[in-house]
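Coordinate analysis (summary)
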Amino acid sequence: MSTQAKYHKGSSDGKAPLTRDPLAGVRAHYDAVVVGSGLGGLTAANVLARCGRKVLVLEQHYNFGGLATWFKRRGGHVFDVSLHGFPASMKKTCQRHWSPAIAARVERLESIRFSNPQFELETLFTREDFTRILVERFGIERGGVERFYAELAQMDFFSDSGETTAQLFERHFPGRNDVHRLLMEPITYANGSTLDDPAISYGIVFSNFMNSGVYTFRGGTDWLVKEMQSELEKNGVELCNRVQVERIVVEQGRVRGVEAHGRFIAAEVVISNASLKTTAEALVGTQHLEPEFARGLAAVRLNNSSTQVYIGLRAGSSIPFVTDLLFSSTRETFDSPALSEMHGQSRTFSFYYPKTRPGSQRYTIVSSMNAHWADWAGLDEAQYAREKRRLQHDTLEALERHVPGVGALVDHVEVATPRTFAFYTQHPQGTSFGTKFEGLRYSLELPKQVAGLYHAGSVGIIMSGWLGSANYGAIQANKIDAHLLALRESESTR
Ligand SMILES: Cc1cc2nc3c(=O)[nH]c(=O)nc-3n(C[C@H](O)[C@H](O)[C@H](O)COP(=O)(O)OP(=O)(O)OC[C@H]3O[C@@H](n4cnc5c(N)ncnc54)[C@H](O)[C@@H]3O)c2cc1C
């Protein structure tokens with residue numbers, strides 16, 4: 001296999017109009033075409049390339065990285081969209097599937113704070129620290145806390161008892177709305193799940209964090225994605241931005257390739273990093289799926305979306321260290337659905353100090369809330385602008401309570417809504433974390449419906465977020481490599 005790197009670049013700065021064919025130089029045939037360059041798609045591409053497969057990545061946006069992205073604004077501001085935190089195992093994932101240089105920059109957050117009418121506390125978000133807080137602060141018996149952890153540790157994807165997270169909490173900490181808030185609020189921000197979702201999805205994700213806290217990426221998302229890009233190129237992956245994949249071509253129950261930008265590109269395997277539903281229903285078409293599978297897939301629920309407010313402080317200004325991640329709320333008690341309310345009282349602030357991007361002296365703050373597509377989708381332009389202004393105002397007011405005087409330092413503010421996320425990623429309803437739990441089964445079973453068709457994108461709550469998406473990409477890539485090997489063997493014996 002040639003390891004010659006190739007990068008078919010639509011445009012370097014994302015602004016210049018496209019004057020040439022973004023598919024120029026692309027071959028007629030690949031072992032695998034990856035649709036989308038989110039962390040799932042890129043990780044799948046890298047693992048396959050390391051197995052010696054010829055891989056092409058097609059991304060409709062000008063940036064690679066999908067939701068793991070950043071943007072720049074006048075005044076020297078750089079904003080990270082989804083770099084708030086992930087579990088420690090991201091280091092192992094980067095070491096195994098990317099490079100030591102990338103893994104070395106996965107670093108633990110120093111401080112996580114909760115601020116709400118029920119409790120004010122600071123934590124490292126580790127099992128040890130959480131146990132201390134639950135025992136000393138919330139008065140829970142140590143044995144009870146240990147039994148809770150022990151039960152979570154035994155959970156795995158194949159042993160779903162059907163219990164919801166609300167039922168799990170009620171069994172272990174009956175009537176303790178404050179404890180439920182401590183345990184649930186961060187996970188809702190991390191993957192959009194609610195108390196009504198299966199306990200198993202909570203258990204897997206919470207246990208991942210409890211291993212050793214919340215981690216981030218030093219250098220910012222821009223450094224990470226550029227480093228991933230050069231790793232991919234080194235391994236021979238071809239990358240094209242600004243290329244919309246219009247169709248995954250299927251004939252006689254088998255993937256043949258993709259149609260993109262008016263061209264057909266043949267491939268034995270197509271890995272879609274697009275939404276599961278878009279993949280099956282729009283790019284492939286339900287006529288290629290068994291009716292029962294298609295009906296089940298149609299019933300799969302999408303996960304919710306988000307709003308964000310990006311706040312950039314003026315060059316030369318600074319704020320003292322507050323915390324890295326602040327779960328803030330003025331709501332008297334915890335209510336899971338209220339975390340996604342349009343005019344909700346709960347938001348997470350991520351603070352980016354100069355340490356985020358060593359060498360830079362800049363401070364930015366990103367506020368995130370969970371959100372429902374339905375609240376934002378139907379607004380006319382005037383209502384939409386008004387709601388964005390309101391969100392901006394409420395957010396700055398909430399921030400001022402934690403960082404007095406910060407308003408005077410703010411140089412740039414910008415609001416993203418579910419409509420923004422839908423626009424940039426093409427995810428239906430601007431979903432931030434793919435589908436609810438039931439989607440995972442359909443994602444995994446796609447190759448049984450269409451030979452050579454794989455999905456590697458946020459799905460089923462547990463395969464979402466930076467860690468879940470990257471790991472899922474690697475899992476799928478290993479299956480694909482085995483599939484390609486079997487194909488080659490059957491061809492050679494024919
Ligand atoms: C506001 C917000 C905050 C978040 N914060 C965190 C966090 O702190 N920690 C964390 O772990 N996770 C976080 N997440 C979630 C995390 O970012 C995602 O789960 C993860 O990055 C998704 O990766 P993915 O592989 O599913 O692909 P995605 O990032 O969803 O990317 C899919 C890609 O496919 C492309 N695409 C789609 N259709 C086509 C097509 N037809 N042709 C070509 N290209 C196509 C899209 O343009 C996109 O680039 C956050 C998400 C949001 C929205």
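In the block above lies the structure referred to throughout.
Residues numbered from 1 in each chain as written. Predicted model: local features only at pLDDT ≥ 70, side-chain atom pairs only at ≥ 80, totals over all residues.

1. Considerations on the overall build of the protein
Along the protein, the regular secondary structure elements total 16 helices and 20 strands. Computed over the C-alpha atoms, the radius of gyration of the protein is 23 Å, within 12% of the 23 Å expected from 2.2 N^0.38 for a compact globule of 494 residues. Taken along its principal axes, the extent of the C-alpha atoms in the protein is 70 × 50 × 45 Å. For the protein, buried positions account for 47% of its 494 residues. The long-range fraction of contacts in the protein, counting pairs at least 24 apart against all pairs at least 6 apart in sequence, stands at 74%. (Helix = DSSP H or I, 4+ residues; strand = E, 2+ residues; numbered from the N terminus. Rg over C-alpha atoms; globule rule 2.2 N^0.38 Å. Buried ≥ 20, exposed ≤ 12 C-beta atoms within 10 Å, placed from the backbone. Contact = placed C-beta atoms within 7 Å.)

2. Some points on the environment of Leu182
Structurally, Leu182 can be placed in helix 7 (residues 177-191). The exposure class of Leu182 is buried, given the 23 C-beta atoms found within 10 Å. Distance in space between the C-alpha atoms of Leu182 and Asn273 is 33 Å, their sequence separation being 91 residues.

3. Points about the sheet that holds strand 10 (residues 214-217)
Across the sheet, 3 strands lie side by side as 6-10-7; this open sheet has antiparallel pairing. Two strands close off the open sheet at either side, each with one partner strand: strand 6 (86-87) and strand 7 (106-108). Relative to strand 10, strand 7 is paired through 3 bridges, and the arrangement is antiparallel. Each bridged residue has a counterpart across the sheet, and for Glu107 the counterpart in strand 10 is Thr216. (Pairing = 2+ DSSP bridges.)

4. Focus: the site of the ligand
Around the ligand, a shell composed of 38 residues is seen, among which Gly36, Gly38, Gly40, Gly66 and His84 lie nearest. For the shell around the ligand, the secondary-structure elements that each account for two or more residues are helix 1 (39-50), strand 15 (305-313), helix 14 (418-425) and helix 16 (465-492). Ranked by residue count, the leading element in the shell around the ligand is helix 16, at 4 residues. Each of domain 1 (6-67 + 222-301 + 433-492) and domain 2 (71-109 + 303-422) gives at least three residues to the shell around the ligand. (Near = placed C-beta within 6 Å. Domains from an automatic or database assignment.)

5. Here's the deal with the pairing of strand 9 (residues 119-123)
As judged from the 5 bridges shared by strand 8 (residues 112-116) and strand 9, these two strands associate in the antiparallel manner. From the neighbouring strand, Arg113 faces strand 9, where its bridge partner is Glu122. Between the antiparallel neighbours strand 8 and strand 9 lie 2 residues.

6. What about the sheet that holds strand 17 (residues 346-352)?
The 7 strands lie next to each other as 9-8-16-17-18-15-19, forming an open sheet whose pairing is mixed. With partners counted over all chains shown, the strands left at the sheet margins are strand 9 and strand 19 (410-416), one partner each. The mean inter-strand angle of the sheet, taken between neighbouring strand axes irrespective of direction, is 15 degrees. (Axes fitted to C-alpha atoms, helices over the stretch in contact; angles between N-to-C directions.)

7. Some points on helix 2 (residues 89-97)
The set of residues buried in helix 2 consists of Met90, Lys91, Thr93, Cys94 and His97. The buried residues of helix 2 occupy one face: seen down the axis, they fall within an arc of 165 degrees. The inward-facing, buried residues of helix 2 contact helix 1, strand 6, helix 3 (100-103), strand 7, strand 10 and helix 16. (Arc of directions from axis to C-beta.)

8. Here we look at the nonpolar core
Ranked by internal contacts, the top residues of the largest apolar core, which has 120 residues, are Ala32, Val33, Ala45, Val55 and Val270. Every residue in contact with Ala45, bar those within four places of it in the chain, is listed here: Val34, Val55, Val57, Leu232 and Val237. (Core = buried A, V, L, I, M, F, W, Y, C linked by C-beta atoms within 7 Å.)

9. Let's talk about the packing of helix 7 against helix 8 (residues 199-210)
Two numbers describe how helix 7 lies on helix 8: the axes approach to 11 Å, and their chain directions differ by 95 degrees. Here helix 7 lies roughly perpendicular to helix 8, going by the angle between them. Between helix 7 and helix 8, the contacting residues are Ile187, Ala190 and Asn191 on the first element and Tyr202, Val205 and Phe206 on the second. (Parallel < 35°, antiparallel > 145°, perpendicular 65-115°, else oblique.)

10. As for helix 7
Given a rise of 1.5 Å per residue, 15 residues ought to cover 21 Å, and the 20 Å separating the end C-alpha atoms of helix 7 matches this to within 8%. Largest kink in helix 7: about 35 degrees, centred on Met184, with the proline Pro186 one to four residues after it. Counted residue by residue, helix 7 has 12 buried out of 15 residues, so it is predominantly covered. Along helix 7, the residues classified as buried are Val179, His180, Arg181, Leu182, Leu183, Met184, Glu185, Pro186, Thr188, Tyr189, Ala190 and Asn191. (Expected span 1.5 Å × (residues − 1). Bend = angle between axes of the 7 residues up to and from the residue.)

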